[in-house]
Every structure is written in C-alpha cells, then in structure tokens.
Amino acid sequence: MGTERHIRGAQYADIAIALVLFSIGVGFSVVAYGHGLGSLRRIGPGAMPFLIGCMLSLCALACLVNAVRKKIEVEVSPPLPVALIIVAVIAWALLVEPFGLVPATIVLMLIGTFAYGKVHWMSTLIVIAAMCVGCVALFIYGFRLPFTIFGG
Amino acid sequence: MDLLNNIIAGFDTAISPHNILFCFVGVTIGTFVGVLPGLGPLAAIALCLPITFYLEPTTAMIMLAGIFYGAQYGSSTASILLNIPGTATAAVTCLDGYPMTQKGQAGVALMITTLSSFAGGTMAIVLVMGLAPVISAFAMNFSSADYFSVMLLGLVAASTLSIGSPVKGMTMVVAGLGLSMIGTDKYTGEFRFTGGVLDLAEGVSLVALSIGLFGVAEILSSFSGKGPVLLKASSVRLRDMLPTRAQLREAVMPTFRGMGIGSMVGAMPGAGPALAAYLAYVAETQISKDPKKFGKGAIEGIAAPEAANNASVQTAFIPTLTLGVPGDVVVAVLIGALMIHGITPGPDFIANHADIFWGLAASFWIGNILLLVLNIPLIGIWVRMLAIPPRILYPIMLVFVCIGVYSIRNSIFDVYMMLIFGVVGYVLSLFRYPAPPLLLGFVLGPLMEQHLRRALLLGRGDPMTFIDHPISAVFIALSAVLVLRSLPVGAVLQKLRAMQARRVDIE
C-alpha cells in the first residue's frame, strides 16, 4: 500500500517538474522576445535565448509525455536532515560577514552534525576545533582570503 | 626535432619542485575524492578553483588536471571493495571487481586496475603530445560556422550518448544554455534575464553552479543511503596484491584494447570516461571466447574499462586545448579556470601558450607515476578512508564548499545561489535529470552564441552557411544522426503500422 502511493506521488512530482520546465521555457522565450530578435544577418540579444526557450519547452513536453507514460521510483532523503543542511548553509551566509569565519564555521558544523542524527559530542567538538584552526591557518593566513576570524 | 624540444621544455616546466608539489597535491586530492563514494572530481575541482587564482596558470592547470585523472585511479577502489562506484565512471568496474573481492582476490583486482590505469593513461599522453599540435594546426582554418557546429555536436553527444534518458539529457543541456544567457549581453550591453538583480549582471557564477549541482546536491542525497558501509581496513595488504603470471597475461590484451577505445572516445567532444569504460567492457564481452565468465570476476572485465577511462581522461584534453570545446564536464570547468586566468583555449592556444601546454602534458606523466606510488604501496590508507563516517566528512565538506564559493568574489549572494542550485540539482537528480549536461551547456552557451552571431554576419544572414562549410556540414549531420537515433522513432513507426493494419482489418 505504502510503496504504491509513494510511487504514484513520485509520478505526480515527475509530471510537475516537466510542467515547471515547460513554463520556464515559455517564459524564457517571452522575455527573450522582448530583448529583440534582430534580423538574420545581425541577430539581436534575444535571438539565441528565444531559440533556447523554445527548445526547452519542446524538451520539457517530451519529458512530460514520458512522465505520464512511465512510473518512476524515487529514493527520497528524509526531509528533516535536508532542511537542517539548508539551514546550516544559510546560517553560515548570515554569520560570516558580521561575526567572522570562526563563529560561522562552528554554527554550520554543529547544525550539519545534527543532521546526521545522534551527536557524538567528544569527536564532534574535536573535529570542529580542528576545522576552525585549519581553516584560519589555511584560508586566512595561507591564501590571505578576506575573512575576519572573529567579528566584522 | 621541434616536437622533441617542446617535450623537453615541457618536462623542464613540470619537474620544477613547485609544479611537482602541486601535481602531487592534485593527484592526492583526486585519489581521495575518487575513493570516497559520492564525492566526485568535479566537486573537488570546483572547490579548489578559488585556490588556483593564487597560482601561476600552468601550476593551476597541473593541479586541477591531477585531480581529474587522479580520481579515475581512486574511483575503482570503492567499486572493487564495496560494490559502490567511487564515481559514475567506475560503475562498470563493480561488475567484475566486486566478485573478485568476494572470491578473496581484492588485492589482485586493485593491483590490476592500477597497472592497467597506468598503462592506459601513459599511452594516451603520447597521443595528446602527438595529435594535439596537428589538430590545432588543422583547426586554425575553422570558421565560426564550424565552431558552432562542433559545439552543437559536443552538446548533442553529451546528452544522447550518456547513460540514462536522452530526452532528459537534452532538456538539461538546453537548461544549461538558458542559464548561461543570464547576464550582460556582450554585443549590446543589455542586461538579460537578470530581473533587476545587480549581482547577476556578470552572469551566474560557474563555481556556484558547479558546487551547488555536484557538491551540495550530493550532500543532500547522502541521507537516503542505507547508512555508512564500514569495512575492515586491514583486509588489503601489499602481499595479497601480487597477481600470478597467468593473471597478468590475461590482463595485457584487454588493457591495450581498452586503451584504444578510451583514447578515441575521450577525444570526441562531449563523450566522457563513463562512456569509454562502458564501451570497453561491452567490447570485451563481445570478443571473449568465454563470455559467461563476465560478472563473475573476470580479469578482462576490470582491466579493459580501467585502461579505457584513464586513457579517455587524458585524450579529453585534445579537443579542450585545441578547439576550446571540452570533451567532458570536468574539462569544461578546467576551461573555466583557464578563462579566469585570462586564457581562452582555442587553435592558437598551443602556439601562444606553449609553456602551459607542454608543461601540462609532461605533468601527466609525472602525475601518473605519482599515482602508481600512491595507489600500490599506500592502498591501505585509501581503504581506511572508506571508514570515515559521513557525520564527520560531510559537515567538513560543507564548510569548504561555503568558503570556496564565497571567496571567488566575496559574495554572499553566490553562497545563496549555490544553495538554490544545490536544492534544484538534488530534486532534478532524484528524477534522473542528469546534471553534467547542464554544466556543459552552461559553459558552451556563450561561445555558441558568439559563433552563431559571427557566422551569420559573415554568411550575410544566410542560415545555409552552416551547411555550405564542409566541416560544419559534417558535424551538423553527425548531430542530426545522434538526435534521430535517440528518438523512439522505431517504436512509434511500429505502432503506426500496427494501427494502420488494424484499420485495414476493420474496413
């Protein structure tokens, strides 16, 4: 029962992806048309994108046909860890400029480790400490990338 | 004589301590990511791109190329020991490599793959050194129409010849072309598809795109596995690795055949090492007097594909450096790296940047020898790498990914772009939309547009110009054949015929 519903959900998603790609293709062509197609001798900035948009729509239609005809099996990652990884990257991006490389790295690695289930505190702390020292040595002192260690 | 002088000069460049060091760093990183399932050479190269901005272009290329071919060596290790391909290329090696492990011959299998990898790689370098200058000279006469068509062929080949659905492959190529159109139009200065976002004026960042698609997407999909596969690391010792004389003899001819197939496939634009390995394996099963032994641990079944994939990654540099048309996505990123250094590969590359070309080609030899040393005596270390739990490995990777993308142009915007591409790439890969063709389309898009415009301008607006140029006509014809072959024309025709027959019956 469960698996069957799973497969049907995947098929709906497959169809949805093809539809999204199709609408992106159409939208792309419309915007490209606005940029001007030019003449054949001197093609405008919109010509190549217009062609690409049309081709994308065509390809997406072909995918749509396949998606409707064939079932697809999908092995999805559990949603919580995926969400945690996304949050971890966003946290790094928010923290690195105002607070510096070390705090951003610590937060990213903590959230990232949580994503993998049970946290082994000892080894996690050692790895995080090593990463902070390593990154500061390698990127700030080694390659002189414009990060601050702490604070903006 | 000129060739000899060039080669000597190349070795002179390649054996400077600085270059050897970075060659070593490159092949070591390559072996590392090759061994680890899920981490590919592309993610590693994308991660190292920011570092190479601080290096000479020659040194940068030596290191990045080292990651590429080093990964081919490493990728067979996990295939043989765990039945999990380290990279997509090594999937074929699982077929006969893992049965050998089950028979207790893991060491021999690892030794044979390393030796045939070395043979395949080094022989292909001879081809690179011999052929690239000739092709370059020939390509000097290429017109814009010819360039457009050869790139078209590359894209079509990449999407239709890869393993998986050709329709989805083509969709991704076109999507990549579309992404490459975002940003400032070179001819008119118009902002295209930026939606008023100033960060997009320079276009989508290649590094954000490739790290997103291959690094982040890989991490996101790492949760779906059945947990980490741990392995008794002590199980492979040097003593167990020595093959018998009969086993060596069995491996020789397949190695040579794999080398030939790999070299040819690699030199074709758009066809990568995965295809080379696959074709070499199929060829072996066809030639063999005893096809039944394949899949049960046949030496031929690992020697041929390993020789083929290593040969193909070397010859992939031929179209890249002579035409500026990458033979593989990984090489496409290498082109991106060269462009960041202000060098555009093309027919005049070997003439204008002789030091880079010959230094790089010579470094391939050195890299292959280093890999031999890394892979035979030190195999135990790489095997132990397989035991690093993902909860430690992936957060570390995530940090490197963020730092790498940010540091390219100190842009938080790029980090968010990477995240978006990562999520999109993850969803698309779930539904078997292959990511490599997208990246290839992204790299080739601007070049194709440039040549399309120039060709039409020179051809006075006549689209027939693409067929009037004989070289271009050949490429267009080949592309058309590939597209038609991948369409389910045969099946549709049969159905139509059946319907017609039925209609006749009713009448």
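Here the structure is shown first, and the text comes after it.
Please read all numbers here as calculations on a predicted model, not as lab measurements.

Basis of the calculations
Residues numbered from 1 in each chain as written. Chains lettered and ligands numbered in written order. Predicted model: local features only at pLDDT ≥ 70, side-chain atom pairs only at ≥ 80, totals over all residues. Heavy atoms only, no water. Core = buried A, V, L, I, M, F, W, Y, C linked by side-chain atoms within 4.5 Å. Buried < 20%, exposed > 50% of the residue type's maximum accessible area, 1.4 Å probe, protein only. Helix = DSSP H or I, 4+ residues; strand = E, 2+ residues; numbered from the N terminus. Contact = heavy atoms within 4.5 Å. Buried area = accessible area lost by both parts, 1.4 Å probe. Salt bridge = Lys/Arg side-chain N within 4 Å of Asp/Glu carboxyl O. Polar contact = N/O pair within 3.5 Å; in protein donor to acceptor, adjacent residues only side chain to side chain. Axes fitted to C-alpha atoms, helices over the stretch in contact; angles between N-to-C directions. Parallel < 35°, antiparallel > 145°, perpendicular 65-115°, else oblique. Left-handed = near helix turned anticlockwise from the far one by under 90°. Nonpolar A, V, L, I, M, F, W, Y, C, P; charged D, E, K, R; others polar. Phe/Tyr/Trp six-rings, centres within 6.5 Å; stacked < 30°, edge-to-face > 60°. Lys NZ or Arg CZ within 6 Å of the ring centre and 35° of its normal. Expected span 1.5 Å × (residues − 1).

K.L.:
Honestly, the nonpolar core in this entry has me stumped. Any pointers?
P.N.:
In this structure, Trp 92 of chain A together with Met 418 of chain B are the most contacted members of the largest nonpolar core, which totals 203 residues. The greatest single-element share of this core, amounting to 15 residues, is contributed by helix H4 (residues 57–82) of chain B. Listed in part, the eight residues of the second largest apolar core include Val 265, Ala 276, Ala 280 and Ala 308 of chain B.

K.L.:
Whenever I open this one, unusual backbone geometry confuses me. Can you help?
P.N.:
Of all residues except glycine, most have a negative phi; of all peptide bonds, most are trans. All names here are of chain B. For Arg 432, which is not glycine, the phi torsion reads 60° and is therefore positive. Its location among the elements puts Arg 432 in the loop between helix H19 (412–430) and helix H20 (435–458). Its relative accessible area of 47% is what places Arg 432 among the partly exposed residues. The backbone of Arg 460 sits at a positive phi, close to 55°, despite the residue not being glycine. Mapped onto the secondary structure, Arg 460 falls in the loop between H20 and helix H21 (465–468). When its relative accessible area of 63% is taken as the criterion, Arg 460 is described as exposed.

K.L.:
Just checking my understanding: could you explain the interface of chain A and chain B for this structure?
P.N.:
By a widely used convention, the size of an interface equals the accessible area lost when the partners come together. Counting from both sides, the interface comprises 62 residues of chain A and, opposite them, 61 residues of chain B. Roughly 5,800 Å² is buried in total at the junction of chain A and chain B, and carbon and sulfur atoms are behind 78% of that figure. Broken down residue by residue, the surface that chain A buries against chain B is led by Arg 41, Met 48 and Tyr 116 of chain A, which jointly contribute 12%. For the interface between chain A and chain B, the tally reads one salt bridge. Its salt-bridge partner being Lys 168 of chain B, residue Asp 14 of chain A comes within 3.7 Å of it at the nearest N-O pair. Remark: the boundary between chain A and chain B carries six residue pairs in polar contact (both at pLDDT 80 or more).

K.L.:
Is there a simple way to explain the packing of helix H10 (residues 245–267) of chain B against helix H11 (residues 273–287) of chain B in this structure?
P.N.:
Axis angle and axis distance: for two packed helices, these are the angle between their axes and the distance between the axes, and together they describe the pair. All names here are of chain B. The N-to-C vectors of H10 and H11 enclose an angle of 140°; their axes lie 9 Å apart at closest approach. In terms of orientation, H10 and H11 fall into the oblique class. For H10 against H11, the interelement crossing comes out right-handed. On H11, the residues touching Pro 254, Arg 257, Gly 258, Ile 261, Gly 262 and Val 265 of H10 are Leu 275, Ala 276, Leu 279, Ala 280, Ala 283, Glu 284 and Ile 287. Class assignment of the residues belonging to the contact of H10 with H11 gives a composition of nine nonpolar, two polar and two charged.

K.L.:
Quick question: what am I supposed to make of the packing of aromatic side chains here?
P.N.:
The description of two aromatic rings rests on the distance between their centres and on the angle between their planes. Scanning all chains against the criterion turns up 16 aromatic pairs over all chains. With 4.0 Å between their ring centres and 0° between their planes, Phe 28 of chain A and Phe 193 of chain B make a pair best called stacked. With one member in each of two chains, Phe 28 of chain A in helix H1 (residues 2–34) and Phe 193 of chain B in the loop between strand E2 (191–192) and helix H9 (206–221) form a pair that bridges those chains. Accessibility classification places Phe 28 of chain A together with Phe 193 of chain B in one group, the buried group. Here the aromatic rings of Phe 142 of chain B and Tyr 147 of chain B are separated by 5.5 Å at their centres, their planes lie at 65°, and the arrangement is edge-to-face. You can call Tyr 147 of chain B buried: its relative accessible area is 8%. Here the guanidinium or amino end of Lys 168 of chain B rests over the ring plane of Tyr 433 of chain B, the centre of that ring lying 4.8 Å away.

K.L.:
What am I meant to see in helix H14 (residues 329–340) of chain B here?
P.N.:
The α-helix advances 3.6 residues per turn, and as a result positions three or four apart in sequence lie on the same side. Residues and elements named next belong to chain B. In this model H14 runs 17 Å from its N-terminal to its C-terminal C-alpha over 12 residues, within 8% of the 16 Å that 1.5 Å per residue would give. Taking burial as the measure, the 12 residues of H14 include 10 buried ones, the bulk of the element. Regarding H14, the residues found buried are Val 329, Val 330, Val 331, Ala 332, Val 333, Leu 334, Ile 335, Gly 336, Ala 337 and Leu 338. Residues of H14 that are buried sit in contact with helix H3 (41–52), H4, H9, helix H13 (317–323), helix H15 (349–352) and H20. Gly 342 occupies a position one or two residues after H14 and carries a positive phi of about 85°.

So, to be careful, I would describe these as geometric facts and stop short of saying anything about function.
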